[in-house]
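Examining the three-dimensional arrangement
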Amino acid sequence: MHIRKGRFLLSIILLVIVLLISSMPLGPLPSIISMTNPSTGIISPYNQSVSLGLSYMNVTQNGSTAHIIINVQSDGLIGIASDKTWGLYYEQGYQEAKYRLEQMEFLKRTALGTLAQVVGPSAIGTDIFFRQLEDLQIAEQENANLSRNSTAYIAISEFADGINAYIKSLSPAEYPMLFKILDFQPSLWNVTDVLAVQQLFLWENSAGGVDPIYFNYALQSMPENIVKGIYPVYPEGIQHPIVPYSLNPGIYNESGNIGNLSLYTPSFVINESEMNSINSYFADPPGLPSWLSLLWQDLNLKYAAFKDLGSNNWAVNGIKTDNRSALLANDPHLSTTVPSIWIGFQLVSPGQNVVGVIFPGFPGIILGHNPFIAWGATNGQIQQTYFYAEQISPDHPYQYYSNGQWLHFSILNETISVKGANPVNLQVERANNGVILISKPTPIAMDWTGLIPSYEINAVLNMDYAKNVTQFRQNISEWFKVGIQNWAVADKYGNIGIFPYGRYPIIEHGNPRGILPGNGSSNWVGFVPVSQLPFLYDPSNGFVFSSNQITVSNNYPYYIGWDQESGFRADQAYFMLSTTNGFNTQKMEDIQLSVHDYSTNVFLPSLLSLLRREGLNNSPEYLALESWNGNFTINSTAATLYHFWLLNYINLTFQPYMTAFNITEGKGYGQFSFFLGSDDYYHGPLIEDLMNWTLNYPNSIYFDVFNSNGSIKEYRNAFSIMSEAYNMTISTMVKNYGIISSSWQWGNFHKRELSSFFGVNSLNTSSIPAPGDGNTLNAAYGMISSFGPSWRQVVNMSNPINSKGIYPGGLTENPLSQYYSNNFVPWNNGVYYTLIPSTVPAEFLYLYVEGVTP
Amino acid sequence: MKNYVALVIQLVLSFIFAAISMWFIAIASAFFLSFYIKDKRKISGLYLSIASLIGVFLYMAVTGFTARMANSSLFSTISGIPGGSLLLFIILAVEVIVTTLLASLIGSSFYK
């Protein structure tokens, strides 16, 4: 035997090189061999499909068999009926996993702080934050405290079993695409995982966020009279509180704490080095290496925060309806994503028949109705986060000073695994007033109401069974503590109510709008008692409503936060609800789809008056504005003109404050509505100021330009700034789009899209012209809006089986399926689906029709 | 071993290996087949590698190309790597040809 040595050696070397390259992971991607495997790789012939229609199955556990009917609908709702309640939750888990496994895995990993393990360095910041929130540890405590025989424990454990049954049924070839691309297997679920996801949802729905850290800079750099002028705790303009004094004076009787607080001066002063630490903490985490980013620009998968920007709900009772029944409408404004942050179900088992939506990874229905009651939620905007600067000393390492003594931080050592990089070791410190988010140079602690174990899962599961408003209220007051919602409810007996119940922290000293001293003087001393919490039950005006506006009148005795919306949606809702009678489903839908921006009622008359005085009343722009009704329809040119004018008016009014007081990007400029963030035209105090001053004080000194010492640099008034803003707007529009014409139509500028839940831009839907803006009830925030009514529901409790609803997106997370985004266009066009179609099997009519069993 | 028999064997084995998630074992079969072919001058390693390619792609054709192409297209979309639905197929084809060709070159390096 002879050998051709040259060929042999060269071929061997080349083959080894090719095989090595082929079997190495490519950054965040698996190896080429793995990706191209025809049986199990990305090009295997499997993808998640949607099986519409009915199917029947039996599940047996411990000698008990559950008979289950599943009805998968094209509108994104899945009906599940079972003669055993445990079988119902088992199947719900199975179905959620079947259609949203990737999404659930990401939610769970986000909650547990293990996202970087599969995504890589871009998720390190997210992982650190949720480890600091101790989601896992709190979930473990909650799990340990749950009775094994409780409804909640059984529901969650069956739900997790259902998820796991689906995962185990998959071969690697059948894993959804993201698992293959990121080369990892779906992990099994347990009760703690579900409770950790609960913590994530509670955080996302907790108002306040990190605002106090940045607002502290305004408190310390602006004179007190200016802080009072532009950042009042209670806005002076038009406001329709959710629970006004006139409708429930009983909750305004206590002495409260607000009189003891110093809400316009700082309790702690941040220096430059501390500001730098804060900024580096909140800066974007490191992403892919640059050379890799060039190659895979979009493969920066991350958890898409919900961005809870606003919502609407209202209920009307017999005073407002001809047939004496009650009706309810709700549209929570969250990120509108594909896959949707919601998944819809009708759940039927002994004692319950509930239809609505739930976050994937969670059992039950959180927003929906049953034959007896309908309910909906908006964010309560109650401040849930308080920040503290801890006092430390080199003489007392690992300790902080509190109430006259040095206490040890409790320390949790964590290791975060990072795909493609070294693990990150993290030391999570906790004081008695919160978790330390930033440790140097001064430790900044965040106290959050969610750091105390709570059982909102009980509230969710119990509300699905509730029979009337009173039962619902009792359930919420007992179990729903964190991520406070304005729960609006209507029942079949004609009762209505709204209940923003939960933990409202009480402190006795300091300024909770900024950073508080950590020495114990401003720690929470308790929560507002339930008897003093705002609520309405069958109010005399015949309706309850909320649009994230201010919760109470200005004489409410407790400080509850100041993060409310501008109030324009609430103003419009109040106007329509108070002037409409004979409510039916159609009238409720008309309100929900309203695209009238109430800010036009305030600003437009002033602008038109100004233009007349300036002799522009024959200009085509004036005529367009003058004949406009304030509706942001897609073919309105005036809407475009008004929108950009209002933005300029706000910016020209408040920009000088940012300049004078050195509020730069590093101090939050452009990030927060109170520092001219992109949401300032519909959220926060600046637009409220502008409304109030324009209407009532057009010559207010707050229109002037100030020096940094508080003296006046330039005199201005509302009209001079409005005029400048108008000229600027016309000039820009003409320059960029020509003279006023159809090219100025709102729909050319304002569109909606559904953004990828995973942050992969290429998986977004295309954008389509959309009516509305950030101030309309049918809200479409921003110019390419991916936030808005994430679920629309209208229920007439005299005929609840004909309830209507829709959520954007579709049932499945598989972008290749027609049910990925099939509801997007109908939703944008204002279409509603009947949630319980007339064609469903009889079992789904249980509790609606006598004699039917699940 | 006759040359056409070797090609058929390589094709069939490639089909089977692809079906059991291990198409790369075809590298070994390419080596052994080229080692045992009597008249190595009458067969190119390229033929063996093409036989491998046909075997692997035949398996994919039999089990359905539509979903595979859609998945490849989705991967291209998510990763941002151009190539669309053909991207991974082209990579796979190149990989099969190169590796089996090199293996057959190694096998044919031996002669009496």
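Residues numbered from 1 in each chain as written. Chains lettered and ligands numbered in written order. Predicted model: local features only at pLDDT ≥ 70, side-chain atom pairs only at ≥ 80, totals over all residues. Heavy atoms only, no water.

Okay, the domain arrangement of chain A next. By a widespread convention, an interface's size corresponds to the accessible area lost as its parts come together. Each assigned domain of chain A is listed here: domain 1 (5–35), domain 2 (53–204 + 238–597 + 790–854) and domain 3 (599–631 + 633–749). Each of domain 1 of chain A and domain 2 of chain A was reduced to a C-alpha centroid, and the two centroids are 48 Å apart. (Domains from an automatic or database assignment.)

Residue and element names in this part refer to chain A. One finds Tyr 231, Phe 603, Leu 625 and Tyr 649 to be the most contacted residues of the largest nonpolar core, which totals 272 residues. Top element by residues in this core is helix H20 (residues 637–660). It accounts for 13 residues. Among the nonpolar cores identified, the runner-up in size contains 16 residues, and Val 316, Phe 543, Val 794 and Tyr 832 belong to it. (Core = buried A, V, L, I, M, F, W, Y, C linked by side-chain atoms within 4.5 Å. Buried < 20%, exposed > 50% of the residue type's maximum accessible area, 1.4 Å probe, protein only. Helix = DSSP H or I, 4+ residues; strand = E, 2+ residues; numbered from the N terminus.)

Residues and elements named next belong to chain A. Applying the stated criterion across every chain, the model contains eight salt bridges over all chains. With a shortest N-O distance of 2.9 Å, Glu 105 and Arg 109 are connected by a salt bridge. Pair noted here: Glu 105 and Arg 109 are both in helix H3 (residues 85–112), with a separation of four residues, about one helical turn. Taking relative accessible area as the criterion, Arg 109 reaches 10% and is therefore assigned buried. When the shortest N-O distance is used, the salt bridge between Glu 134 and Arg 430 registers 2.9 Å. Remark: Arg 430 occurs in strand E16 (residues 424–431) and Glu 134 occurs in the loop between helix H5 (124–132) and helix H6 (135–145); sequence separation between them is 296 residues. Overall, Glu 134 belongs to the buried group, its relative accessible area being 8%. Using a relative accessible area of 21% as the deciding quantity, one classes Arg 430 as partly exposed. (Salt bridge = Lys/Arg side-chain N within 4 Å of Asp/Glu carboxyl O.)

Below, the discussion takes up the sheet that holds strand E31 (residues 784–785) of chain A. Sheet strands line up and pair through hydrogen bonds in the backbone, either parallel or antiparallel. One open sheet holds the three strands; their spatial order is E30-E28-E31 (chain A), and the pairing between them is mixed. In the strand order of this sheet, the two ends are held by strand E30 (768–769) and E31 of chain A, each with one partner. (Pairing = 2+ DSSP bridges.)

Attention now goes to the interface of chain A and chain B. Each partner contributes to the interface: chain A provides 42 residues, whereas chain B provides 41 residues. Between chain A and chain B, a total of about 3500 Å² is buried, with carbon and sulfur atoms accounting for 72% of that surface. Counting the surface chain A buries against chain B, the share from its top three residues, Met 1, Pro 38 and Ile 43 of chain A, is 16%. Taken together, the connections running from chain A to chain B amount to zero salt bridges. The interface formed by chain A and chain B includes 15 residue pairs in polar contact (both at pLDDT 80 or more). Those elements giving two or more residues to the side of chain A that touches chain B turn out to be strand E1 (2–3), helix H1 (5–23), helix H2 (32–35) and helix H8 (177–182) of chain A. The element contributing the most residues to the side of chain A that touches chain B is H1 of chain A, with nine residues. In terms of strand pairing, E1 of chain A meets strand E1 (residues 110–111) of chain B through two bridges, oriented antiparallel. Bridge pairing in E1 of chain B links Ile 3 of chain A to Phe 110 of chain B. (Contact = heavy atoms within 4.5 Å. Buried area = accessible area lost by both parts, 1.4 Å probe. Polar contact = N/O pair within 3.5 Å; in protein donor to acceptor, adjacent residues only side chain to side chain.)

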